[in-house]
Amino acid sequence: MREVIMLALTDGAVAAIRTMTSRPGLAPGTGLRIAPEPDDPASLVLRLADAPEPGDELLDDGGARLFLAPRAARELAGRTLDVRADVSGSVTFHLNGAAAP
């Protein structure tokens, strides 16, 4: 049996995702979906989503829900999602670690 290596989240990323997905007016179970950019399939984009799409992998880390499209799950395996905040509180997500071969 092959061990599945998923995307890891830093504590900062978990906190940022929970904050973003728990705003009033969002559906229960809302998460962030990482998938190929429709206008640029070579790029990945992160967007709020009410639920995973068919085929998505679900990553739930301390209440931070990520929905990973199949290609995103493969490409992000073994990497770590982190977040940086600027002085105004705006956050930017970034990846650490080598890309999957």
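Okay, so let's go over this structure. All values derive from a computational prediction rather than experimental measurement. (Residues numbered from 1 in each chain as written. Predicted model: local features only at pLDDT ≥ 70, side-chain atom pairs only at ≥ 80, totals over all residues. Heavy atoms only, no water.)

1. Side note on the sheet that holds strand β6 (residues 80-85)
To be explicit about the condition: Here, a strand pair is defined by DSSP locating no fewer than two bridges between the strands. In DSSP terms, a helix is any run of H or I states spanning at least four residues, a strand is any run of E spanning at least two, and both are numbered starting from the N terminus. Every residue pair with non-hydrogen atoms within 4.5 Å of one another is taken to be in contact. Axis geometry follows a simple rule: fit a line to the C-alpha atoms, using only the stretch in contact for helices, then measure angles between N-to-C directions, giving values from 0 to 180 degrees.
Across the sheet, which stays open at both edges, the three strands sit in the order β1-β6-β7 with mixed pairing between neighbours. The outermost strands of the open sheet, each flanked by one partner alone, are β1 (8-9) and β7 (91-96). Relative to β6, β1 is paired through two bridges, and the arrangement is parallel. Residue pairing across strands places Leu-9 opposite Leu-81, the latter belonging to β6. Across the sheet, helix α1 (residues 11-21) lies against β1, β6 and β7, angled at about 70 degrees from β6, the strand it touches most.

2. Focus: the pairing of β7
Here β6 runs beside β7; their pairing, made up of six bridges, is antiparallel. Of the residues in β7, the one forming a bridge with Thr-80 is Asn-96.

3. What about the nonpolar core?
Convention followed: Here the nonpolar core consists of buried residues drawn from Ala, Val, Leu, Ile, Met, Phe, Trp, Tyr and Cys, with membership extended through side-chain atoms lying within 4.5 Å. Relative accessible area decides the class of each residue, using a 1.4 Å probe on protein chains only: under 20% of the type maximum gives buried, over 50% gives exposed, and in between gives partly exposed.
Core analysis: the largest hydrophobic core is formed by 17 residues, its most contacted members being Leu-7, Leu-9, Ile-17, Ile-34 and Leu-66. Looking at this core, the elements that each hand over two or more residues are α1, β2 (31-37), β5 (64-68) and α2 (70-76). Dropping the residues within four chain positions of it, Leu-7 is found in contact with Ile-34, Leu-59, Leu-66, Leu-68, Leu-76, Ala-77, Gly-78, Arg-79, Thr-80, Leu-81 and Leu-95.

4. Focus: α1
Our working rule: Our arc is simply the arc of the directions from the helix axis toward the C-beta atoms.
Listed as buried for α1 are Ala-13, Val-14, Ala-16, Ile-17 and Thr-21. Relative to the axis of α1, the buried residues are bounded by an arc of 170 degrees and lie together on one face. Exposed residues lying more than 90 degrees from the buried face of α1 are Asp-11 and Thr-19.

5. Observations concerning the environment of Ala-77
Structurally, Ala-77 is set in the loop between α2 and β6. Placed 70 residues apart in sequence, Ala-77 and Leu-7 show a C-alpha to C-alpha distance of 5.0 Å.

6. What to know about the environment of Arg-23
Within the secondary structure, Arg-23 is located in the loop between α1 and β2. In this structure, the C-alpha to C-alpha distance between Arg-23 and Val-91, residues 68 residues apart in sequence, is 15 Å.

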